[in-house]
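Residue strings, one per chain:
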Amino acid sequence: MIFEGKAHKFGDDINTDYIISGKYKFKSLDFREMAKHLLEDIYPNFYEKITPGDILVAGKNFGCGSSREQAPLVIKHAGIGAVLAKSFARIFFRNSINVGLPVLECNTDLIDDGDLIYINLINSEIFNKTKNLKIEIFSPLPEIMVRILKEGGLVEYLKKEGDFKL
Amino acid sequence: MGKTISEKIFSNHSGKSVKAGDIVVARVDALMGQDGTAPLAIRVFEELGGKKVINNEKVLLVLDHSAPPPNEGVANLHKLMRDFAEKYETQLSEIGEGVCHQVFMERGLALPGSLIIGADSHTCTYGALNCFATGVGSSELASAMYTGKLWFKVPETVKIILNGKLRKGVSAKDIILYLVGYFKADGLTYKAVEFEGEIIMELSMDGRATIANMVVEMGAKAGIMPFDEKTKEFLKEIGIYIEEGVFSDKDANFSAIYTFDLSNLEPQIALPHKVDNVYPISSVDRVKIQEAYLGTCTNGRLEDLRLSAELLKGKRIAKGVRMIVAPASKKIYLQALKEGLIEIFLSAGAVVVNPGCGPCVGTHQGVPADGENIISTANRNFKGRMGNNKAFIYLASPLTVTASAIKGEIANPLEFID
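What counts, and where the lines are drawn
- Within every chain, residues take consecutive numbers counted from 1 along the sequence as written.
- Numbering of ligands from 1 and lettering of chains from A proceed in the order in which they are written.
- This being a predicted model, a pLDDT of at least 70 is required before a residue's local features are given, and a value of 80 or more before pairs of side-chain atoms are given or counted; all residues contribute to the totals for chains, interfaces and linings.
- Excluded from the side-chain calculation are hydrogens and water; included are all heavy atoms of the structure.
- Runs of H or I in DSSP of at least four residues are treated as helices and runs of E of at least two as strands, each being numbered from the N terminus.
- Only C-alpha atoms enter the radius of gyration, while the globule expectation follows 2.2 Å times N to the 0.38, with N the number of residues.
- We call a residue buried when its accessible area falls under 20% of the maximum for its residue type, exposed when it is over 50%, and partly exposed in between, using a 1.4 Å probe and counting protein chains only.
- Only heavy atoms enter the contact rule, under which two residues are in contact if any of them lie within 4.5 Å.
- Only the protein chains shown count as cover for residues, and the accessible areas themselves come from Shrake-Rupley with a 1.4 Å probe.
- For the charge count, each Lys or Arg is scored as positive and each Asp or Glu as negative, with His and the chain ends excluded.
- Positions of charges follow a simple convention, taking NZ of Lys, CZ of Arg, CG of Asp or CD of Glu.
- A quick way to say it: buried area is the sum, across both parts, of accessible area lost when two parts are put together, with a 1.4 Å probe.
- In what follows, salt bridge is the name for a side-chain nitrogen of Lys or Arg lying within 4 Å of a carboxyl oxygen of Asp or Glu.
- Whenever a nitrogen or oxygen atom comes within 3.5 Å of another N or O atom, the pair is scored as a polar contact, on the condition that within protein one atom can donate a hydrogen and the other can accept it, and that pairs from neighbouring residues in sequence are kept only if both atoms are in side chains.
- Where each domain begins and ends is defined by an automated method or by a domain database.
- We call Asp, Glu, Lys and Arg charged. Ala, Val, Leu, Ile, Met, Phe, Trp, Tyr, Cys and Pro are nonpolar, and the rest, Gly among them, are polar.
- At least two DSSP bridges between two strands are required for those strands to pair.
- Orientation is described by lines fitted to C-alpha atoms, with helices fitted over the stretch in contact, and by angles between N-to-C directions that extend from 0 to 180 degrees.
- Take the buried residues of types Ala, Val, Leu, Ile, Met, Phe, Trp, Tyr and Cys, join any two whose side-chain atoms come within 4.5 Å, and each joined set is a nonpolar core.
- Side-chain rings of Phe, Tyr and Trp (the six-membered ring for Trp) are treated as a pair once their centres are within 6.5 Å; stacked means planes under 30 degrees apart, edge-to-face means over 60, and tilted covers the remaining angles.
- Charge-over-ring contacts are defined here by two conditions on Lys NZ or Arg CZ: a distance within 6 Å of the ring centre and an angle within 35 degrees of the ring normal.

Draft legend 1. Region of the structure containing the overall build of chain A. When helices and strands are tallied, chain A shows seven helices and eight strands. Here chain A has a C-alpha radius of gyration of 15 Å; the compact-globule value for 166 residues is 15 Å, and the two agree. Here chain A holds 166 residues, and the buried ones make up 61% of them. Nonlocal contacts in chain A, meaning residues at least 24 apart in sequence, comprise 65% of its contacts between residues at least 6 apart. Accessible area of chain A: about 6,300 Å², with a carbon and sulfur share of 50%. Counting 22 positive and 23 negative side-chain charges, chain A places the centres of these two groups 3 Å from one another.

This is the structure:
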């Protein structure tokens, strides 16, 4: 549960329509194809700029809008290792954990585009290697989310546990 | 300490006394998935090795977001849903029956005091019927079909009291646009909202649904309306007799209480490209529009169609404007036909399309051209939302949309109303 990658910085209120436009998500369940359109309405050809393991960094209310689980799935399939934001919209936050995409609320003002970021999910630690700065995590994940994430997502969690366990 | 409506509903569904902040596993009463989210849920259900859908009779799958299918990809996803609904004996709402949230309410699946999840962010609409309803993702829909349950964090509750008397020409949509502008897109994230006050009590069930529908645009998890004679009446009309609803206790703990007097509220409008970019109409430039859209899970109900038709009667839509009308359900469409509303729309130059979500989500039936301005009764105006990222979407009430269609530019409906 350790991630290291280059930051791609976005602003506030990035909604799930921007992450993956409705016009693509209704057509198929082919996420590798959809991943090519990640965030294209606000950043054309963003997909081509991603190196596997890169970190998506944003301001507040990331993932607001539609409940489409395609949004975190497309981010994951595009090669993004984790998403950091000051805050997330709740459905997106849950969907991300459920598909095994790590998301954490932290002070992203301390991260600039291109910075090298280190994340240790076990210790809840985020470090900006470029700036040599420890990044404060606003709220740790509830235990059930950590367990779902450790299994790799909700499907794997339920296959193992058979039911929701508190 | 007393309990909020949400704390009561989660206590009832988890078998223990819970309070805001607690993490619970709760039984869900009814579930919904639509054609943008259900196909993925079906895939997850199969990955889980699901053999039967728990509570299958209370699971509704709806073909509405891209219906009838505009291409083979969608057609195949619809087939996947039909086959699943038949195999596992869930409810299915066919193409043209209506927008998921309207159909769900018309079928009596949203009952006071119940806990509902839907794989659509506007599932919060059912809060109009005094229940806790919230949007989830496809994996969670699949998991709840598989286990009958889901885990939740019991939300804190904010109470919003709306007092005063609305001016003529001002409607539920103006209220919720005003609130979204006030609280902003993340102002109520993770919170449940309980609505109260003279204005709420005066509103019809259609108006309450419009407000509950858009609480998610402030980040809220649910928006819950009081139980009263209007709730009973709505349910009675669909053959359900319920005498009791859920109320918060007098000593319940609210994280905040806001009181607004809306007697002077004027029509509101959200400018591109954010729902919380809201202004009173008198302060907005008279931008020329090319498309006007009346419909959606926010404003495609009978009251909305009646208001619009009343304004349109005997008038024509301006040259250069396309007006698209989509009743929210077949039931509404049929009633609108009986009342002569559809004839008014067609005579005025509007296009009436089948009940569904197409134009709002940009799948078909109303994609704008580059650089065009659209005034819409929908709930979202994000760049690209209607299928073209070079278009500009303005959100307003049915009356404002209609007045603008007649004028050919953003117009104040009060100009048409004495």
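Okay, back to it.
Draft legend 2. The environment of Leu 141 of chain B, seen in detail. Residue and element names in this part refer to chain B. Within the element layout of this structure, Leu 141 appears in helix H5 (residues 138–147). Separated by 100 residues in sequence, Leu 141 and Ala 41 place their C-alpha atoms 6.2 Å apart. Other than its neighbours up to four places away in sequence, Leu 141 contacts Leu 31, Met 32, Gly 33, Ala 41, Ile 117, Ala 119 and Val 136.

Draft legend 3. Structural detail: the interface of chain A and chain B. Each side of the interface is counted separately: chain A has 44 residues, and chain B has 55 residues. Interface area, chain A with chain B, both sides summed: about 4,100 Å², of which 57% is carbon and sulfur. Counting the surface chain A buries against chain B, the share from its top three residues, Phe 26, Arg 90 and Arg 94 of chain A, is 19%. Our count for the contact surface shared by chain A and chain B stands at five salt bridges. Measuring nitrogen to oxygen at the nearest pair gives 2.9 Å for the salt bridge that ties Asp 17 of chain A to Arg 385 of chain B. In this assembly, chain A and chain B are joined by 23 residue pairs in polar contact (both at pLDDT 80 or more). For the side of chain A that touches chain B, the elements supplying multiple residues, two or more each, are helix H1 (16–19), helix H2 (22–25), helix H4 (70–77), helix H5 (90–98), helix H6 (143–151) and helix H7 (154–161) of chain A.

Draft legend 4. Structural view of the domain arrangement of chain B. Residue and element names in this part refer to chain B. Domain assignment breaks chain B into domain 1 (5–260) and domain 2 (270–415). The C-alpha-based centres of domain 1 and domain 2 are spaced at 24 Å. At the interface, 38 residues of domain 1 touch 36 residues of domain 2. Both sides together, the interface formed by domain 1 and domain 2 hides about 2,900 Å², and carbon and sulfur atoms give 56% of it. Counting every contact that joins domain 1 to domain 2 gives one salt bridge. Applying the counting criterion to the domain 1 and domain 2 interface returns 24 residue pairs in polar contact (both at pLDDT 80 or more). The set of elements that each furnish at least two residues to the side of domain 1 that touches domain 2 consists of helix H4 (100–106), helix H6 (172–183) and helix H8 (205–213). Residue contributions to the side of domain 1 that touches domain 2 peak at six residues, all from H6. Of the residues belonging to the side of domain 1 that touches domain 2, the class tally is 12 nonpolar, 16 polar and 10 charged.

Draft legend 5. Representation of the sheet that holds strand S5 (residues 116–120) of chain A within the structure. Residues and elements named next belong to chain A. Read from one edge to the other, the open sheet built from eight strands follows the order S7-S6-S5-S1-S2-S3-S4-S8, with strand pairing classed as mixed. Looking along the sheet, the strands with just one partner apiece sit at the ends: strand S7 (133–135) and strand S8 (137–139). Going from strand to strand, the sheet's axes swing by 35° on average, the running direction of each strand aside. Pairing between strand S6 (residues 125–128) and S7: three bridges, direction antiparallel. Note on S7: the bridge partner recorded for Phe 127 is Lys 134.

Draft legend 6. Spatial organisation of the pairing of strand S14 (residues 291–294) of chain B. Residues and elements named next belong to chain B. Side chains Glu 291 and Tyr 293 of S14 all project onto a buried face; the interleaved residues Ala 292 and Leu 294 project onto the opposite face, where all are buried too. Where S14 and strand S15 (residues 322–325) come together, four bridges link them in parallel fashion. The residue bridging Leu 294 from the neighbouring strand is Val 325, located in S15. Pairing between S14 and strand S17 (residues 373–376): three bridges, direction parallel. Paired with Tyr 293 across the bridge in S17 is Ser 376.

Draft legend 7. Spotlight on H5 of chain A. Residue and element names in this part refer to chain A. A large share of H5 lies buried, amounting to nine of its nine residues. Among all positions of H5, only Arg 90, Ile 91, Phe 92, Phe 93, Arg 94, Asn 95, Ser 96, Ile 97 and Asn 98 are buried. With its phi angle positive at about 80°, Gly 100 sits one or two positions after the end of H5.

Draft legend 8. A look at the nonpolar core. With 142 residues, the main nonpolar core has Phe 62 and Ile 75 of chain A together with Ile 160, Leu 162, Leu 179 and Phe 195 of chain B as its most contacted residues. If you tally residues by element for this core, the top one is H6 of chain B, at seven residues. Inspection of this core shows a minimum of three residues originating in each of domain 1 (5–260) and domain 2 (270–415) of chain B. Look past the residues within four positions of Phe 195 of chain B in its chain and what remains in contact with it is Ile 160, Leu 162, Leu 179, Ile 200, Ile 211, Val 215, Gly 223, Ile 224, Met 225 and Pro 226 of chain B.

Draft legend 9. Geometry of the packing of aromatic side chains. Under the counting rule described, the total for this entry stands at 21 aromatic pairs over all chains. Between Phe 62 of chain A and Phe 88 of chain A, the ring centres sit 6.1 Å apart and the planes meet at 85°, which makes this aromatic pair edge-to-face. Taken together, the positions of Phe 62 of chain A in the loop between strand S2 (55–58) and H4 and Phe 88 of chain A in the loop between strand S3 (82–85) and H5 put the pair 26 residues apart, joining distant regions of the chain. Taking the centre distance of 4.6 Å and the plane angle of 40° together, the rings of Phe 84 of chain B and Tyr 88 of chain B count as tilted. One end of the pair is Phe 84 of chain B and the other is Tyr 88 of chain B, both in helix H3 (residues 72–88) and four residues apart, which spans about a single turn. With a relative accessible area of 3%, Phe 84 of chain B lands in the buried category. Ring pairing ties together the aromatic residues Tyr 178, Tyr 182, Phe 183, Tyr 258 and Phe 260 of chain B, which thus form one cluster. Of note, Arg 94 of chain A hangs over the ring of Trp 151 of chain B, and the distance from its end group to the ring centre comes to 4.2 Å. The ring centre of Phe 152 of chain B lies 5.8 Å from the NZ or CZ of Arg 94 of chain A, which sits over that ring.

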